[in-house]
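Below, each chain spelled out in residue letters.
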Amino acid sequence: MEEKLKRLHEEAHKSLAEARTMDELNEIRVRILGKKGELTQILRGMGGLSSEERPRIGQVANEVRDAIEGELAVRTAGLKELLKEQKLREEGIDITLPGTPVLRGRKHPLTIVREEIQDIFLGLGFSIAEGPEVETDYYNFEALNLPKDHPARDMQDTFFISPETLLRTHTSPVQVRTMEKTAPELPVKIIVPGKVYRRDDDATHSPMFNQVEGLAVDRRITFSDLKGTLDLFARLMFGMKTRTRFRPSFFPFTEPSAEVDISCVICGGDGCRVCSHTGWLEILGSGMVHPRVLEVSGYNSEEVTGFAFGMGVERITMLKYGIDDMRLLFDNDLRFLQQF
Ligand SMILES: [Zn+2]
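Residues numbered from 1 in each chain as written. Predicted model: local features only at pLDDT ≥ 70, side-chain atom pairs only at ≥ 80, totals over all residues.

Participant: Let's hear about the packing of helix 2 (residues 22-33) against helix 4 (residues 53-91): which residues, and what values?
Facilitator: It is at 10 Å that the axes of helix 2 and helix 4 come closest, and there the two elements cross at 170 degrees. By the angle between their axes, helix 2 is roughly antiparallel relative to helix 4. Residues Met22, Leu25, Arg29, Ile32 and Leu33 of helix 2 lie in contact with helix 4, whose contacting residues are Arg65, Ile68, Glu69, Leu72, Arg75, Thr76 and Leu79. Looking at side-chain class alone, the contact of helix 2 with helix 4 contains 7 nonpolar, 1 polar and 4 charged residues. (Axes fitted to C-alpha atoms, helices over the stretch in contact; angles between N-to-C directions. Helix = DSSP H or I, 4+ residues; strand = E, 2+ residues; numbered from the N terminus. Parallel < 35°, antiparallel > 145°, perpendicular 65-115°, else oblique. Contact = placed C-beta atoms within 7 Å. Nonpolar A, V, L, I, M, F, W, Y, C, P; charged D, E, K, R; others polar.)

Participant: Which residues make up the pairing of strand 10 (residues 305-312), and what values do they have?
Facilitator: The buried count for strand 10 comes to 8 of 8 residues, which makes it a mostly enclosed element. Of the pairings in the sheet, the one linking strand 6 (residues 208-218) to strand 10 comprises 8 bridges and is antiparallel in character. Across the sheet, the residue bridging to Gln211 is Gly312, located in strand 10. Two elements, strand 9 (residues 280-289) and strand 10, share 5 bridges in a ladder whose sense is antiparallel. Looking at the pairing, Gly285 lines up with Gly310 of strand 10. (Buried ≥ 20, exposed ≤ 12 C-beta atoms within 10 Å, placed from the backbone. Pairing = 2+ DSSP bridges.)

Participant: Run through the domain arrangement of the protein chain, naming residues and quoting values.
Facilitator: When cut into domains, the protein chain gives domain 1 (2-91) and domain 2 (109-337). Spacing between the C-alpha centres of domain 1 and domain 2 amounts to 95 Å. (Domains from an automatic or database assignment.)

Participant: Report on the nonpolar core, specifying residues and quantitative values.
Facilitator: Counting 52 residues, the largest nonpolar core has Val217 and Ile283 as its most contacted members. Once residues within four sequence positions are removed from consideration, Ile283 is found in contact with Val260, Asp261, Ile262, Met311, Arg315, Ile316 and Leu319. Formed by 8 residues, the second largest nonpolar core is a distinct cluster that contains Ala12, Ile32, Leu39 and Val64. (Core = buried A, V, L, I, M, F, W, Y, C linked by C-beta atoms within 7 Å.)

Participant: Provide a residue-level description of the sheet that holds strand 1 (residues 127-128), including the pertinent values.
Facilitator: Spatial ordering of the open sheet is given by 1-5-6-10-9-8-7, a layout of 7 strands whose pairing is mixed. Bordering the open sheet on either side are strand 1 and strand 7 (244-251), each of which pairs with just one other strand. Pairing geometry for strand 8 (residues 254-263) and strand 9, over 8 bridges, is antiparallel. Looking across to strand 9, one finds that Ser257 is bridged to Gly287. Together, strand 1, strand 5 (188-197) and strand 6 form the strand contacts of helix 5 (residues 109-123), whose direction differs from that of strand 6 by roughly 5 degrees.

Structure, rendered in structure tokens:
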């Protein structure tokens, strides 16, 4: 009988070692340790043993059963762990696979340049002012020394909404609005970024475009202040080697007025296709605020003076990045926009 038990143990040990699934382990457990199992069958035969043999065989039987149960438990735990690892391997995420790309937005070149312009003037002590895009004839023209039927209105052919309201043709009305609010306090030092509208549409003009206007009003402001400010702006914007040139010009709301050119950003002044072989590029209009504009806005033109300037953000952007068609800035073509 002892022999049988030992064989059973050996056989169980072998079967357990070979088992590869939970079902197989379970089957072994039932076959050997179950109510009708082999161990139980052997123990049934104990009745035929002598009273001396019985305790000894009983002890051996218990040892065999404990040993088999122990092995079974170890195998079960081991197999569970193995199956779990297998499952993780099969279901696991392969972190080396490429992911779904997240498309990141970026700033529009016009925004980049407008912010650059703003940063330069904020650094010079200007603050930002804003005003309505639908403007009255008064603020857009009359208060800026452009009475009705003034021929200079032709320079800014515009979209009228009613005889007295229109889409502003420049950001200059905000000059008047700001001075009205501030007068007689001094100084006024603002820049006015914003959209403006004109009846233009070709490779270098758009019916809607962006301007940044600047205005400084105080006692003893001179044309030198204007020149110094714009010269510094040009160098900060286009590089410290940039030179500026002021040419006499006409605007109804400034006197004297000047167009400002910078040395060509492409050829540095030697002459090339971009600058039409002149070496210069026009970037903005400027001048000393016309006394009538100061008076209309509530300042005594005998006591205070000021300078003003206005630039197109599109123009600056095109010069800065060498873009030759303004419409690219409004087409929303990602192949273009992703280059910035
Ligand atoms: Zn050039």
